[in-house]
Amino acid sequence: NNEKSVPQLLIRDLTFEKKSLAKLMFSPDQENHPSKAPVKYGELIVLGYNGSLPNGDRGRRKSRFALFKRPKANGVKPSTVHIACTPQAAKAISNKDQHSISYTLSRAQTVVVEYTHDSNTDMFQIGRSTESPIDFVVTDTVPGSQSNSDTQSVQSTISRFACRIICERNPPFTARIYAAGFDSSKNIFLGEKAAKWKTSDGQMDGLTTNGVLVMHPRNGFTEDSKPGVWREISVCGNVFSLRETRSAQQRGKMVENETNQLQDGSLIDLCGATLLWRTAEGLSRTPTVKHLEALRQEINAARPQCPVGFNTLAFPSMKRKDVVDEKQPWVYLNCGHVHGYHNWGNKEERDGKDRECPMCRSVGPYVPLWLGCEAGFYVDAGPPTHAFSPCGHVCSEKTTAYWSQIPLPHGTHTFHAACPFCAHQLAGEQGYIRLIFQGPLD
């Protein structure tokens, strides 16, 4: 009963200044000099990082990577096919100054496909290697890891030269993804064990060891988005159903009516890290960090209170996103009641993990709330009314609903939904909860 007498405040009841927020929706470079800015094809954002890598973004290692039109085209396209009878002959054919893909069929036969310069496209390469052909260095994501030292001990499953993205230099700047990247000697080498085959038109194609998986959402990346189907992309950019396990020798069935063209919201899985592709146009409709900051200040201005200690709660600034602040809101994940940190209801026999909510007596995990700061993961610009369970990352209702439906690849043959901000596997019936804040008593 005491619950009814206390004023309850849902964040959606707050009035948001629509006009001022609309201004914040667009990044400053869009307003000031729309013509001078270089053409941006899109951005790749690594799932599991809330705005930056734990030890900070440095050089080619960062949580998000923007693909801009290059001063000079560096794309390549297939040209001559050579059939060599010995690996030595194959080596001789693969000229260091020319890109090529070598398919070893047996000890006696290798097919080398030479690639020639394409002045209409730009190529970007992604992988674990720090060698110069890699534009974006990606390491394995450890769920909830706070520092890079947590990630070093893990044996990586991400390929050194995992994939490449080819963007058209002319509108509509179509981006396509291909498995495998060219190494320092401009070669892609598919050994005897790799799955490879001759296509109906006499060309060669193949898959990489752990594969490159792609999922295009249905209805784009909007508040109406629904998960699509995971597919595997071949070295030549053809689309296949998934293999039985990640590195099985037998390829899946070719999916004729689908392409390797990336859409806003496409997910790319490299077996150890998952990337979200956002187009430049899609990003222009996405909330900016300024917008999220305005929403944070709006919640704090409403002075939500702890129903036990009656102290005012406040979300810490976006920069302090790892250290629990004394005013930090905490939530009971079973019911959604938001409190300040307190020791009430801490039953020792429950291992200290589950707590009893003083408002409604439901028992469950009790965790601090953190704002989701990576704006690229938001499907809309709605207020932060919901939190993922069990990690406590807060964002809009539509964003939690979307990510909780996405089966993300995990290991070599399982899938599970995870929080995009920290990569923790979601728990509970829905994977997220609506937050119930208490308003000030005065």
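In what follows, the structure referred to is the one given above.
Residues numbered from 1 in each chain as written. Predicted model: local features only at pLDDT ≥ 70, side-chain atom pairs only at ≥ 80, totals over all residues. Heavy atoms only, no water.

A few points about the overall build of the chain
Looking only at helices and strands, one finds eight helices and 29 strands in the chain. Split into buried and exposed, the 442 residues of the chain put 52% on the buried side. Long-range pairs, those at least 24 residues apart, make up 65% of the contacts in the chain between residues at least 6 apart in sequence. Accessible surface for the chain amounts to roughly 21000 Å². Of this, 49% is attributable to carbon and sulfur atoms. (Helix = DSSP H or I, 4+ residues; strand = E, 2+ residues; numbered from the N terminus. Buried < 20%, exposed > 50% of the residue type's maximum accessible area, 1.4 Å probe, protein only. Contact = heavy atoms within 4.5 Å. Areas by Shrake-Rupley, 256 points an atom, 1.4 Å probe, with all protein chains shown as cover.)

Details of the sheet that holds strand 11 (residues 187-190)
In sheet architecture, strand pairing relies on hydrogen bonds along the backbone and comes in two forms, parallel and antiparallel. Reading across the sheet, the four strands line up as 4-6-5-11 and stay open at both edges, with mixed pairing between neighbours. Edge positions in the sheet fall to strand 4 (75-84) and strand 11, since each of these pairs with one other strand and no more. Shown here is a sheet whose adjacent strand axes are inclined to one another by a mean of 20°, direction ignored. Where strand 5 (residues 100-106) lies against strand 11, four bridges are found, and the strand directions are parallel. Paired with Ile101 across the bridge in strand 11 is Ile188. (Pairing = 2+ DSSP bridges. Axes fitted to C-alpha atoms, helices over the stretch in contact; angles between N-to-C directions.)

Examining the nonpolar core
Counting residues in hydrophobic clusters, the biggest one holds 46 residues, and the most contacted among them are Leu44, Leu67, Ile126, Ile165, Ile177, Ile268 and Leu270. Core analysis: the second largest hydrophobic core is formed by 30 residues, Ile45, Leu276, Val379 and Phe388 among them. (Core = buried A, V, L, I, M, F, W, Y, C linked by side-chain atoms within 4.5 Å.)

Observations concerning the pattern of salt bridges
Per the counting criterion, the structure on display carries 15 salt bridges. For Arg243, the salt bridge goes to Glu232, with nearest N and O atoms at 2.7 Å. Here Arg243, found in the loop between strand 16 (239-240) and strand 17 (267-269), pairs with Glu232, found in strand 15 (residues 231-233); they are 11 residues apart in sequence, far enough to count as distant. Overall, the relative accessible area of 9% leaves Arg243 in the buried class. Taken together, the shared-partner salt bridges connect Lys40, Glu43, Arg64 and Glu374 into one network. (Salt bridge = Lys/Arg side-chain N within 4 Å of Asp/Glu carboxyl O.)

What to know about empty space enclosed by the protein
Evaluation of the coordinates by the stated rule reveals three cavities of 30 Å³ or more. In this structure, the second largest cavity encloses a volume near 40 Å³. Contributing to the lining of the second largest cavity are Leu292, Leu295, Arg296, Met318, Leu371, Gly372, Tyr378 and Pro384. Residue contributions to the lining of the second largest cavity peak at three residues, all from helix 7 (residues 289-301). By residue class, the composition of the lining of the second largest cavity is six nonpolar, one polar and one charged. (1 Å grid on protein atoms, 1.4 Å probe; cavity = no way out; pocket = protein on both sides within 12 Å on 5 of 7 lines; lining within 4 Å. Points joined across faces, edges and corners; volume = space filled by probe spheres on them. Nonpolar A, V, L, I, M, F, W, Y, C, P; charged D, E, K, R; others polar.)

Things to note about the packing of aromatic side chains
The description of two aromatic rings rests on the distance between their centres and on the angle between their planes. Under the defined criterion, the tally for this structure stands at 18 aromatic pairs. A centroid spacing of 5.1 Å and a plane angle of 35° characterise the contact between Trp330 and Tyr366, whose relative ring orientation is tilted. A residue pair is termed long-range when its members are at least 10 positions apart, and Trp330 in strand 19 (residues 330-332) and Tyr366 in strand 22 (residues 363-368) qualify at 36 residues. With respect to class, Trp330 is no different from Tyr366; both count as buried. The interplanar angle of 70° and the centroid separation of 5.5 Å between the aromatic rings of Tyr402 and Trp403 together place this pair among those described as edge-to-face. Accessibility classification places Tyr402 together with Trp403 in one group, the buried group. Through pairs of rings, three or more aromatic residues link up here, namely Phe221, Phe377, Tyr378, Phe388, Tyr402, Trp403 and Phe421. Over the aromatic face of Trp197 sits the side chain of Arg251, whose NZ or CZ is 4.3 Å from the ring centroid. (Phe/Tyr/Trp six-rings, centres within 6.5 Å; stacked < 30°, edge-to-face > 60°. Lys NZ or Arg CZ within 6 Å of the ring centre and 35° of its normal.)

Quick notes on the layout of surface pockets
Taken as a whole, the second largest pocket encloses approximately 600 Å³ of empty space. If you trace the second largest pocket, you find 27 residues lining it, with Ser159, Phe189, Leu190, Thr208 and Thr209 closest to the centre. Sort the elements by how many residues they give to the lining of the second largest pocket and strand 11 lands first, with four residues. Here the residues of the lining of the second largest pocket sort into 12 nonpolar, 11 polar and four charged.

Looking at the pairing of strand 10 (residues 175-179)
The side chains of a regular strand alternate between the sheet's two faces. Of all five residues that make up strand 10, four are buried, and the element is covered over most of its length. When strand 9 (residues 163-168) meets strand 10, the two strands line up antiparallel, connected through five bridges. Residue pairing for strand 10: Cys163 is matched across the bridge by Ala179. The hairpin turn running from strand 9 into strand 10, its antiparallel successor, is six residues long, and Phe173 in that turn takes a positive phi close to 55°.

Describing the side chain of Lys196
With respect to the helices and strands, Lys196 occurs in strand 12 (residues 196-198). Despite its burial, Lys196 pairs with no opposite charge; the closest candidate is Glu192, at 7.2 Å N-O. A distance of 3.0 Å separates a polar side-chain atom of Lys196 from the backbone oxygen of Gly191. A distance of 3.1 Å separates a polar side-chain atom of Lys196 from the backbone oxygen of Glu192. Contact partners of Lys196, with chain neighbours within four places excluded, come to Tyr103, Thr104, Leu105, Leu190, Gly191, Asp205 and Gly206. (Lys, Arg positive; Asp, Glu negative; His and termini not counted. Polar contact = N/O pair within 3.5 Å; in protein donor to acceptor, adjacent residues only side chain to side chain.)

The values reported here are purely geometric and, on their own, carry no functional implication.
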